[in-house]
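Chain by chain, the residues run as shown.
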Amino acid sequence: ALMKGHARDYEGKIKDLDKLLKSFPSSKLAPASLLEKAEAHLALGDNEKAIKTYQQLTSKHQSTPQGRNGLLQMAITYMSMGEKDNAIQSYKKVVADFPTSEEAKVASDDLKRIYADDGNLSEYAQFLKSISGAPSMNECEIDALTFQAAEKAYLTNNDTAKMIGYIEQYPEGLHRPQALYYLCANEMLTKNDVGALKYATEVVEKYPKAEVYEDALAVKADVEHRQGKGEMALVSYKNLAQRATNERNQMFAQMGIMVISREMGNHEDVVACADKLLSIASIDNDIKREVEFVRAYSLKELNRNSEAEKAWGELAQDVSDIHGAKSAYYLGQHYYDNNKLGDARKTIETFIEANTPHQYW
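Cut-offs applied
Residues numbered from 1 in each chain as written. Predicted model: local features only at pLDDT ≥ 70, side-chain atom pairs only at ≥ 80, totals over all residues. Heavy atoms only, no water. Phe/Tyr/Trp six-rings, centres within 6.5 Å; stacked < 30°, edge-to-face > 60°. 1 Å grid on protein atoms, 1.4 Å probe; cavity = no way out; pocket = protein on both sides within 12 Å on 5 of 7 lines; lining within 4 Å. Points joined across faces, edges and corners; volume = space filled by probe spheres on them. Helix = DSSP H or I, 4+ residues; strand = E, 2+ residues; numbered from the N terminus. Nonpolar A, V, L, I, M, F, W, Y, C, P; charged D, E, K, R; others polar. Core = buried A, V, L, I, M, F, W, Y, C linked by side-chain atoms within 4.5 Å. Buried < 20%, exposed > 50% of the residue type's maximum accessible area, 1.4 Å probe, protein only. Contact = heavy atoms within 4.5 Å. Axes fitted to C-alpha atoms, helices over the stretch in contact; angles between N-to-C directions. Parallel < 35°, antiparallel > 145°, perpendicular 65-115°, else oblique. Left-handed = near helix turned anticlockwise from the far one by under 90°. Expected span 1.5 Å × (residues − 1).

(A) Inspection of the packing of aromatic side chains at higher detail. What the rule picks out here adds up to 14 aromatic pairs. Relative to Trp361, the ring of Tyr360 lies with its centre 5.2 Å away and its plane at 85 degrees, an arrangement referred to as edge-to-face. Taken together through their ring pairs, the aromatic side chains of Phe293, Tyr297, Trp312, Tyr329, Tyr330, Tyr360 and Trp361 make up a single cluster.

Here you go:
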């Protein structure tokens, strides 16, 4: 029978095993034969017959190693069939009847994942406490498994219910900063600035050493700016500039400081931030041109006119993008305001002839 199994003749294997069991019903090989028979049914894709064989094995030979293994395999088979309730009952029986066995450890691990996904780990912990000698669970493990289940639900189905449940159940949870940031990110996706700011602020104020601190601070600054809280946003952007450990967050911080400083009329700060941004080799060309335009405007406001003229002039060489078109306009206006009428006319005529797509300017 075993050799036929190795040769993938599973029907032949089952036939010979049935012959053995019929001819020698009291044989010590009976438990192993039933276990092998169930595995052959599984190999043929017949889960129902496999379950019936496991049931026969566990009812007649439960105290044997094969009986314990059969009970565990029956639980696993039920789970693969989508019969979760039957699987849970079988797993629990393994743990309850053989708490110190290797099978109980496997059953316990599988049950933990099932209960974690269902959000009922506390119920499972109570079950384990009721079984003498059963594998135990500590609070840290329950915390981690609850978060992992919530994370899985969020990343797979964008379901935040379990994540909200986690932060409510574990106010001091080990994974609370990450959970708060997931909720913050979800609020940003749904354009709920109030909710995003709430979660981001908690991360920033309570977890300054968390891995997600920088990203939460970026969200906080961005939302504050959009809500018109310029001074608060500026503080957040400056904190981010000091804490940023990657180029993306550093650029985001400096852009924020630059824009708000311009809005507040702090042109020295605008130029300083622009210079920092332009020193970054990997800066995107579109962002670079935006920064150069903002810098030129602030140079003019600081009466550094020759520098402003040079910067606008370089940008105006390409009026196919908005910053080049605006630069040509501002440069012409600047020349006109300073009574440089020849330069003004030449600049504007060149701009008109370039046929920019930005006709407003």
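(B) The layout of surface pockets, seen in detail. Approximately 210 Å³ is the volume found for the largest pocket. As for the largest pocket, its lining consists of 13 residues, of which Ala316, Leu331, Lys346, Thr347 and Thr350 are closest to the centre. Sorting the residues of the lining of the largest pocket by element identifies helix H19 (322-337) and helix H20 (341-353) as the ones contributing at least two each. Taken together, the residues of the lining of the largest pocket sort by class into seven nonpolar, four polar and two charged. In this structure, the second largest pocket is lined by Leu278, Arg289, Glu292, Arg295, Leu299, Glu307, Lys310, Ala311, Glu314 and Leu315.

(C) Expanded view of the nonpolar core. If you look at the biggest cluster of nonpolar residues, it comprises 95 residues, and the most contacted ones within it are Tyr91, Met163, Met258 and Leu277. Those residues in contact with Met163, other than ones at most four positions away along the chain, are Phe147, Ala150, Glu151, Tyr154, Ala179, Tyr182 and Leu183. Formed by five residues, the second largest nonpolar core is a distinct cluster that contains Ala316, Val319, Ala328 and Phe351.

(D) Fine view of empty space enclosed by the protein. In this structure the tally under the stated criterion is one cavity of 30 Å³ or more. Lining the largest cavity, in full, are Tyr115, Ala116, Gly119, Asn120, Leu121, Thr146, Gln169 and Tyr170. A per-class count over the lining of the largest cavity returns four nonpolar, four polar and no charged.

(E) Quick peek at the packing of helix H13 (residues 213-226) against helix H14 (residues 230-243). One can describe the packing of H13 onto H14 by two numbers: an axis separation of 8 Å at closest approach and a directional angle of 155 degrees. The orientation of H13 with respect to H14, classified from their angle, is roughly antiparallel. The two elements H13 and H14 cross, and the hand of that crossing is left-handed. Of the residues in H14, those in contact with Tyr213, Glu214, Leu217, Ala218, Lys220, Ala221, Asp222, Glu224 and His225 of H13 are Met232, Ala233, Ser236, Tyr237, Asn239, Leu240 and Arg243. Of the residues assigned to the contact of H13 with H14, the class counts are eight nonpolar, three polar and five charged.

(F) Examining helix H5 (residues 65-80) more closely. Across its 16 residues, H5 extends 23 Å between first and last C-alpha, which sits within 8% of the 22 Å expected from 1.5 Å per residue. Among all positions of H5, only Gly67, Gly70, Leu71, Leu72, Met74, Ala75, Thr77 and Tyr78 are buried. Looking at the buried residues of H5, the elements they touch are helix H3 (30-43), helix H4 (47-60), helix H6 (84-97) and helix H7 (102-118). Positive backbone phi, at 85 degrees, marks Gly82, one or two positions downstream of H5.

(G) Region of the structure containing unusual backbone geometry. The phi torsion at Asn303 lies on the positive side, around 65 degrees, for a residue other than glycine. Tracing the chain through its elements places Asn303 in the loop between helix H17 (285-301) and helix H18 (305-315). The phi dihedral of Asn355 is positive, around 55 degrees, even though this residue is not glycine. When you line up the elements, Asn355 lands in the segment after H20.

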